[in-house]
Amino acid sequence: MADLSPVDRILAAIRAIPRGEVAGYGHVARRAGLPGRARMVARVLRDNTDPKLPWHRVLRSDGHIAFPPDSEGFAEQTQRLRAEGVDVRDGRVRISDSVKDLDGDLDAALWRPR
DNA sequence: GCGTTGACTCCGT
DNA sequence: GACGGAGCCAACG
């Protein structure tokens, strides 16, 4: 990976998240070569306008959705995740059995909520 | 160049 | 599991 700017690497890391899986801000940042820059990931997502970007697969380290429960983005993120087979309960993400099966190989690249 | 801000994380309670 | 406080870092005015 080369001379891409931090922002581009963050976007690439987010796009690399497979459908039906989720990743944490810190995990995305680390994957982008920016350990500890979770806050930068958050800013990139806020500024991002690319409809192709699976931003809804990015969650906080706790598995909680980063938006306030009464927010618009919260509702949309929940709906998108459910559409991909991710079980969302009370603003928290839970992994379905089918996804749980794949988890072994993806451990290096993906993170799953407890 | 400084102070504020934030879709964060870690740790203790 | 939920809450509060401290730390970090880049963007913005």
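Residues numbered from 1 in each chain as written. Chains lettered and ligands numbered in written order. Predicted model: local features only at pLDDT ≥ 70, side-chain atom pairs only at ≥ 80, totals over all residues. Heavy atoms only, no water.

Per an unreviewed UniProt entry, chain A carries the name Methylated-DNA--protein-cysteine methyltransferase and comes from Noviluteimonas caseinilytica.

Asks: Go over the confidence of the model for chain A with me, naming the residues and quoting the values.
Replies: On average, chain A scores 83 in pLDDT, and the residues at 70 or more come to 84%. When the elements of chain A are averaged for pLDDT, helix α5 (residues 97–106) gives the smallest value, 58, and strand β2 (residues 58–59) the largest, 92. (pLDDT = per-residue confidence, 0-100. Helix = DSSP H or I, 4+ residues; strand = E, 2+ residues; numbered from the N terminus.)

Asks: Can you break down the nonpolar core residue by residue, with the values?
Replies: In this structure, Ile-10, Ile-14, Ile-17, Val-28, Val-41, Leu-45 and Val-58 are the most contacted members of the largest nonpolar core, which totals 17 residues. Broken down by secondary-structure element, the contributors of at least two residues to this core are α1 (6–15), α2 (25–31) and α3 (38–47). With 4 residues, the top contributor of residues to this core is α1. Among residues more than four places away in sequence, those in contact with Val-58 are Ile-14, Ile-17, Ala-23, Gly-24, Tyr-25, Leu-45 and Gln-77. One finds Val-22, Val-93, Ile-95 and Trp-111 within the second-largest nonpolar core, a separate group that totals 10 residues. (Core = buried A, V, L, I, M, F, W, Y, C linked by side-chain atoms within 4.5 Å. Buried < 20%, exposed > 50% of the residue type's maximum accessible area, 1.4 Å probe, protein only. Contact = heavy atoms within 4.5 Å.)

Asks: Account for the layout of surface pockets, naming residues and giving values.
Replies: Where empty space is left can be seen by rolling a probe of water-molecule size over the atoms. What the largest pocket holds in volume is close to 350 Å³. The wall of the largest pocket is formed by 16 residues, among which Tyr-25, Leu-45, Arg-46, Trp-55 and Phe-67 lie closest to the centre. Listing elements by their share of the lining of the largest pocket, those giving two or more residues are α3 and α4 (72–83). Partitioned by chemical class, the residues of the lining of the largest pocket number 8 nonpolar, 3 polar and 5 charged. (1 Å grid on protein atoms, 1.4 Å probe; cavity = no way out; pocket = protein on both sides within 12 Å on 5 of 7 lines; lining within 4 Å. Points joined across faces, edges and corners; volume = space filled by probe spheres on them. Nonpolar A, V, L, I, M, F, W, Y, C, P; charged D, E, K, R; others polar.)

Asks: Run through α4, naming residues and quoting values.
Replies: Since the α-helix turns once every 3.6 residues, residues separated by three or four places project in the same direction. When the terminal C-alpha atoms of α4 are compared, their 17 Å separation across 12 residues agrees well with the 16 Å that a helix rising 1.5 Å per residue should span. All of the buried residues in α4 are Gly-73, Phe-74, Gln-77, Thr-78 and Leu-81. Down the axis of α4, the sector holding all buried residues measures 135 degrees, keeping them to one side. With respect to the buried face of α4, the exposed residues turned more than 90 degrees away are Glu-72, Gln-79, Arg-82 and Ala-83. On the buried face of α4, the contacting elements are β2, β3 (87–89) and β4 (92–94). Regarding α4, its N-cap is Ser-71, as a side-chain oxygen of that residue lies 3.3 Å from the backbone nitrogen of Gly-73 further along. (Expected span 1.5 Å × (residues − 1). Arc of directions from axis to C-beta. Polar contact = N/O pair within 3.5 Å; in protein donor to acceptor, adjacent residues only side chain to side chain.)

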